[in-house]
Amino acid sequence: MSDHTPRLLDALDAFEDGIYIVSEDFTVEYMNRFMKDLFGDGVGKKCHKVLLNYENPCDWCNYREIFEKNETRHSEIYLESAKKTFALSEIPVTNRDGTRSKLSIYRDITRRKEQAARLKFSEENYQRLFTHAGCGVFISSKQGRFLDVNPALLRILGYRDKEEFLALDLARDVYLTPGDRERYQRIIEKKGRVVDYELQWRRRDGHLIDILLTSHVRYGTHGEVLGYEGIVVDVTERKKSENKIREAYDFLDNIISCSPNAIMAMDMTGRIMLWNRGAENLFGLPADEVVDKMTVQQIYSREVAAEVTRMMRDTEYGGVGRLTSYPLTFERRDGVRLEGNLSASFLYDDSGKETATVALFVDLRERLKTERELAEARQHLLQSEKLAAMGRLTSQIAHELNNPLFGIMNTLELLKTEIPPSNKRRRLLDMSLSETVRLADMLKKMLSFSRPDETERAELDVNSVIDELMVLYDKRFRENSIKVKLDLTSDPGIIMASRDQLRQVFINLFSNAMYAMPDGGTLSITTRPNGNMVYIIVEDTGTGIKPEQLEKVFDSFFTTKTDSVKGVGLGLSVCYGFIQDHDGDITVESRYGEWTRFTIKLPLA
Ligand code: ADP
């Protein structure tokens, strides 16, 4: 111990390392402060006893190499007693008296070890993240090579071999055009980073994919751009489904906006969220004045809106949450009355809560107008049929009265020759005669009532007259199980005719045909041009006409109908008269028990 000068030893106390010296028999000769602080003062004791409370030398002690081979040894040990890791240097020392000692320097490397372990841990974490990340991760050079990429990026771009991938020329092989990469570089170098930069990259198989690039610039020590690193997300599938959704949405949007009906949607407060073109036209309000600005209560009154909501919650009107074809009439802001059907239904969220209402309003003004006109026309027809029947009756009475009246008139005239004007009874006779003449005049007028005067003629086509009557007779034919076969020429030509008289002709023919088919049948109506004429053929599958009666049917008062109200035998004679007046012709053919066919020929104008 005397060899170690006290000054030197004091200096060793200031060391941050533990230093101690043992003799060849493991006796501690010196410990500096660091060692004493850790293990207590062990000078004079066996070193293994001091360090580990061992009876024998520590297993890691290199005393053999030190004392026998005179070699310096470096090792790393963990001392449980100090709970520290040390870098240990064991150095052989030869004392002046020839004895040998071992100088041990313990450097506490616990912190360093921990840091290294932590570093290793986090490096491993990053490596794991890099390797297993679902999105592509890359480091690239400014010049245009990938320096490192993770397996996900290889997968995204369809490469197996990383070496092949790292050899790619990015601008040429991956970007669509070199210009694309230059644009990306300009932007990223200006801002330092890009987030969700949309790009298309090319896969190994040539297919293009849509990607989102989030990356930043890697700078060198002098601020120069080394390259870039970041992540790549493949959004091809997402884009595809987005496109599909957009297409479906556009399709739906088109249907909604092109619908001639008014389609609207409102939230639960009534605020309008959707207003299609049909609604714009019908209500006379453009969407930009309505959507988000108006409520449905402003469109069809608060009361109507409340009533509609009430019915939608009821089960009566098409099920809960729905309202089907509810007739609605209300006044538009400009005073026009709207008539139509409203259908509506609630939209629900996932929890079943009502979130909005969709409504569809069908404008029925035109249809209702046509229906009203049709009903009026039917009424009109009924009236004219009644009138015609009355006319027939009147003419029957007139006809019946005509003969006896002429008999009376003749008798009175005869009597006149026998009673001279001087006779005072002659005045009575003259009076009777003049009254009889008045009666005959009246009868003549009554007869002309059943055969009205010629009405005004105009240019028309026979198809239009038939079409018009079809609408009116449609219901009656159906009620009488009569099937109608229409075969109207596309080129009926123009005739000069009285529409009223033609209508009367067809009405008579149809009435007769219906009468002849009490159990139903088929009525065929054909029009066809023939030279400078147009032919109209009306054929039924009814009772037919006996051959001996065939030439009588156009005669006035010829009828086979026993009920005088149903038939007085004037219908066809009137038809005949009208057609003749139009310089046309009407003929009849029939097979008794099977069919009857009337053919009308009219000259074209
Ligand atoms: P009425 O109205 O009294 O029947 P019409 O002049 O219309 O007078 O017809 C005269 C007669 O001609 C009818 O009573 C009927 O015997 C016959 N007739 C007319 N049309 C047909 C027909 N389509 N089928 C069978 N018989 C018919």
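Every value quoted in this text rests on a predicted model; they were computed, and no experiment measured them.

## What to know about the site of the ligand
Within the structure, the ligand sits among 20 residues, and Asn512, Thr559, Thr560, Lys561 and Gly569 are positioned closest to it. A distance of 2.9 Å is found between a nitrogen atom of the ligand and a side-chain nitrogen or oxygen belonging to Asp540. In this structure, Thr559 approaches the ligand through a side-chain N or O atom, which is 2.7 Å from an oxygen atom. Starting from 530 Å² of accessible surface for the ligand in isolation, the protein chains cover 94%. Within the residue set of the shell around the ligand, elements represented by two or more residues are helix 18 (499-516), helix 20 (571-581) and strand 22 (595-603). Residues belonging to the shell around the ligand are distributed by class as follows: nine nonpolar, nine polar and two charged.

## A few points about the UniProt feature "domain: PAS" (unreviewed entry) in the protein
Taken from the UniProt record, the annotation "domain: PAS" (unreviewed entry) applies to residues 122-163 and 248-319. With 45% helix and 24% strand, the stretch residues 122-163 has end C-alpha atoms that lie 26 Å from each other. Helix makes up 53% of residues 248-319 and strand 14%, and the two end C-alpha atoms of the span are 28 Å apart.

## Quick look at the nonpolar core
Core analysis: the largest hydrophobic core is formed by 40 residues, its most contacted members being Leu502, Phe506, Phe510, Leu523, Ile600 and Leu602. Secondary-structure elements contributing two or more residues to this core are helix 17 (462-479), strand 18 (495-497), helix 18, strand 19 (521-530), strand 20 (533-540), helix 20, strand 21 (585-591) and strand 22. Contact partners of Leu502, with chain neighbours within four places excluded, come to Leu460, Val462, Val465, Ile495, Ala497, Ile579 and Leu602. If you look at the next biggest cluster of nonpolar residues, it comprises 29 residues, including Ala262, Trp275, Ala279 and Val296.

## Focus: the sheet that holds strand 9 (residues 208-219)
Taking strand neighbours across the sheet as the criterion, the five strands line up as 7-6-10-9-8 in an open arrangement whose pairing is antiparallel. Looking at which strands have only one partner, the edges of the open sheet turn out to be strand 7 (146-149) and strand 8 (193-202). In this sheet, neighbouring strand axes are inclined to one another by 30° on average, regardless of whether the strands run parallel or antiparallel. Where strand 8 meets strand 9, eight bridges bridge the pair, whose relative direction is antiparallel. Looking across to strand 9, one finds that Gln200 is bridged to Asp210. Lying on the sheet, helix 9 (residues 178-191) is in contact with strand 6 (136-141), strand 8, strand 9 and strand 10 (225-234); it crosses strand 8 at an angle near 170°.

Basis of the calculations
Residues numbered from 1 in each chain as written. Predicted model: local features only at pLDDT ≥ 70, side-chain atom pairs only at ≥ 80, totals over all residues. Heavy atoms only, no water. Near = heavy atom within 4 Å. Polar contact = N/O pair within 3.5 Å; in protein donor to acceptor, adjacent residues only side chain to side chain. Areas by Shrake-Rupley, 256 points an atom, 1.4 Å probe, with all protein chains shown as cover. Helix = DSSP H or I, 4+ residues; strand = E, 2+ residues; numbered from the N terminus. Nonpolar A, V, L, I, M, F, W, Y, C, P; charged D, E, K, R; others polar. UniProt positions renumbered as here; feature names shortened; annotations may be inferred. Core = buried A, V, L, I, M, F, W, Y, C linked by side-chain atoms within 4.5 Å. Buried < 20%, exposed > 50% of the residue type's maximum accessible area, 1.4 Å probe, protein only. Contact = heavy atoms within 4.5 Å. Pairing = 2+ DSSP bridges. Axes fitted to C-alpha atoms, helices over the stretch in contact; angles between N-to-C directions.

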